[in-house]
Amino acid sequence: MKKVYMKKNKIVLNLILVLMLLSSCVGRQSSGSTIPDGSGQSNGTPASPNQNNDQPTISISALDMARSKIKHVIIIMQENRSFDTYFGTFPGADGILMKDGVPTVCVNNPKTGNCVAPYHNPYDINSGGPHNAASAVADINNGNMDGFIKLSQASLRGICKDPNAPACTVGKNGIDVMGYHDAREIPNYWTYAQNFVLQDRMFEPNASWSLPEHLFMVSGWSADCSDPQNPMSCVNSLDQPKGILMPASDTTEKFAWTDLTYLMYKNNVSWAYYLGEGVEPDCADGEMTCAKIPLNVWVPGIWNPLPRFTTVHEDNQLGNIQPVANYFTAVKNGTLPAVSWIVPENKVSEHPTASIQAGQAYVTGLINAAMKGPDWSSTAIFLSWDDWGGFYDHVVPPSVDENGYGLRVPGLVISPYARKGYIDHQTLSFDAYLKFIEDIFLNGQRLDPKTDGRPDPRPTVRENVPQLGDLIEDFNFVQPARPALILPVNPQPGPASTP
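Residues numbered from 1 in each chain as written. Predicted model: local features only at pLDDT ≥ 70, side-chain atom pairs only at ≥ 80, totals over all residues. Heavy atoms only, no water.

**As for the side chain of Asp-200**
Consideration 1: One can find Asp-200 in strand β8 (residues 197–203).
Consideration 2: Here Asp-200 occupies a buried position and makes no salt bridge, while the nearest side chain of opposite charge, Arg-408, is found at 5.2 Å.
Consideration 3: Within the local environment of Asp-200, its side chain forms a polar contact with the backbone nitrogen of Asp-94, the two atoms lying 2.9 Å apart.
Consideration 4: Aside from chain neighbours lying at most four places away, what touches Asp-200 is Phe-83, Ala-93, Asp-94, Arg-408, Ile-423, Asp-424 and His-425. (Helix = DSSP H or I, 4+ residues; strand = E, 2+ residues; numbered from the N terminus. Buried < 20%, exposed > 50% of the residue type's maximum accessible area, 1.4 Å probe, protein only. Lys, Arg positive; Asp, Glu negative; His and termini not counted. Salt bridge = Lys/Arg side-chain N within 4 Å of Asp/Glu carboxyl O. Polar contact = N/O pair within 3.5 Å; in protein donor to acceptor, adjacent residues only side chain to side chain. Contact = heavy atoms within 4.5 Å.)

Okay, here's the thing in structure tokens:
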């Protein structure tokens, strides 16, 4: 009888342990929300984190489950939108400060002396503003977040000597930067936020423009290197890393510091950088307009920095940089690599003055293809916009080191295991993508000069900064895989396309 009693106790104890393990994996739960149209307004107060405070939100078991479920990570990086300009009125998000549906904040218009509040902008074509490192400092303005109109007007003065320049016809004398969109203009993006995860504290990793953001996206740093073969020759470069601006005919690799492809190559983790071929969507100085530069897999550029990395040459992986058409083939055939970056060309980039509708259609096509493919049940898609594009945002970026963070941008997580209707209030940046990939595929190895076998003098191991949240928080790996949500590539457009 005693043996039987002990055996029963052991069974009960094991059952309790299993239940505790499952509850720690579930972590936070979202209440979910229904968004019937684009008229919902935010009161500007961050919603309380959707969590049960007496339970851990992340555990070793949750990471183990993530490793067993996620075999493919897709990072889709679009262009130049602040969080407030796309999701500033999304219910429950830390959006534009409102009272009774009316903005309670405004930014001074130096031309008129009036204070301009954020307003609904129904137009498909926007102007935005300058967005280099100096622009970030001016827009943030010591935490006042009120430099947007002044800076846009100063930039337009030079551009608008040609009255037909696209930025002039839609810029509204610099007021365009205060406009916001909602489900009337970007219904698919709002539908993804409603059905999956919206991140309302995703900051660009570097307080600057597109090139440094894309360098951080693949390497956690932006630098200049005097010796392309020596990582220790690199020095911090917040705004204008020079290697990318060399003539395309100069095939000498210029970025000597260590990027993520180095670790993936060492650990036999497959990757691809899928590039939209056409013209580059951004200017080489972070300004609003410039002559467009061809964009293709063979030409290093602002949006195609990997051909300049020494490691990519040494590992003979230049062939991993491919036209985006190869993505559609891979996703259809079930041959996606473990990690995919997808970068647009200008027409579908959403970079002012490109069409928002065209960009949303392009992104929807990418996501639909992933959902229809055989790898959907093991895929995590991260969608973001590389910098704020000069558009208004009310949140002061946190400081982590001399490089950033920069201004807030939209972030979405789309996956069969993403929490439904969940708003993630963690502080995040593109460094969180590196951290997630390293945790899932590299057993937690970091781009850390002390441990990665290829030291460089980067000022910070960005994946380890205490401010950075964990993307595993956005998943529920206990739930069954959710079905695909196929959206129309061309949903009902907004009421107007141009002013």
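Okay, back to it.
**So, the packing of aromatic side chains**
Consideration 1: Applying the stated criterion across every chain yields a total of 24 aromatic pairs.
Consideration 2: Here the aromatic rings of Phe-90 and Trp-190 are separated by 5.0 Å at their centres, their planes lie at 65 degrees, and the arrangement is edge-to-face. Of this pair, Phe-90 sits in the loop between α3 (83–87) and β2 (98–99) while Trp-190 sits in helix α7 (residues 187–195), placing them 100 residues apart in sequence.
Consideration 3: A residue is classified by how much of its surface remains accessible, and Phe-90, at 1% relative accessible area, is buried.
Consideration 4: Looking at Trp-190, the relative accessible area reads 2%, which means it is buried.
Consideration 5: A cation over a ring is seen here: Arg-454 above Tyr-262, with NZ or CZ 5.9 Å from the ring centre. (Phe/Tyr/Trp six-rings, centres within 6.5 Å; stacked < 30°, edge-to-face > 60°. Lys NZ or Arg CZ within 6 Å of the ring centre and 35° of its normal.)

**Details of the pairing of strand β16 (residues 379–385)**
Consideration 1: Of all seven residues that make up β16, seven are buried, and the element is covered over most of its length.
Consideration 2: Residue alternation in β16 divides its side chains into two sets, Thr-379, Ile-381, Leu-383 and Trp-385 and Ala-380, Phe-382 and Ser-384, and both sets are buried.
Consideration 3: Strand direction decides the pairing type here: strand β1 (residues 72–78) and β16, joined by seven bridges, are parallel. Considered in β16, the bridge of Ile-75 is made with Phe-382.
Consideration 4: By the bridge criterion, four bridges tie β16 to strand β17 (residues 408–414) in an arrangement that is antiparallel. In the strand pairing of β17, Phe-382 is matched with Val-413. (Pairing = 2+ DSSP bridges.)

**What to know about the state of the cysteines**
Consideration 1: All told, the structure shown has two disulfides when counted by the stated rule.
Consideration 2: Between the sulfur of Cys-106 and that of Cys-115 lies a disulfide, 2.0 Å long from S to S. Looking down the S-S bond of the Cys-106 and Cys-115 bridge, the torsion is 95 degrees, so its handedness is right-handed.
Consideration 3: Overall, the relative accessible area of 39% leaves Cys-106 in the partly exposed class.
Consideration 4: Two residues share a disulfide in this structure: Cys-225 and Cys-234, whose sulfurs sit 2.0 Å from each other. Across the disulfide from Cys-225 to Cys-234, rotation about the S-S bond amounts to roughly 100 degrees, and the bridge is consequently right-handed. (Disulfide = S-S within 2.5 Å.)

**What about the confidence of the model for the protein chain?**
Consideration 1: Averaged over all residues, the pLDDT of the protein chain is 86; the fraction at 70 or higher stands at 81%.
Consideration 2: Note that residues 1–57 has pLDDT below 50 and, in this model, 76 contacts with residues that lie over four places away or in other chains. (pLDDT = per-residue confidence, 0-100.)

**Overview of the nonpolar core**
Consideration 1: Core analysis: the largest hydrophobic core is formed by 109 residues, its most contacted members being Phe-87, Tyr-273, Tyr-327, Trp-341 and Phe-382.
Consideration 2: Val-107, Met-178, Ala-207 and Tyr-392 belong to the second-largest nonpolar core, a separate cluster that totals 19 residues. (Core = buried A, V, L, I, M, F, W, Y, C linked by side-chain atoms within 4.5 Å.)

**Structural notes on the packing of helix α11 (residues 325–333) against helix α12 (residues 356–372)**
Consideration 1: Relative to each other, α11 and α12 sit at 25 degrees, their axes nearing to 8 Å. By the angle between their directions, the pair α11 and α12 is classed as roughly parallel. Contacts from Tyr-327, Phe-328 and Val-331 in α11 reach Gly-365, Leu-366, Ala-369 and Ala-370 in α12.
Consideration 2: When grouped by side-chain class, the residues that make up the contact of α11 with α12 number six nonpolar, one polar and no charged. (Axes fitted to C-alpha atoms, helices over the stretch in contact; angles between N-to-C directions. Parallel < 35°, antiparallel > 145°, perpendicular 65-115°, else oblique. Nonpolar A, V, L, I, M, F, W, Y, C, P; charged D, E, K, R; others polar.)

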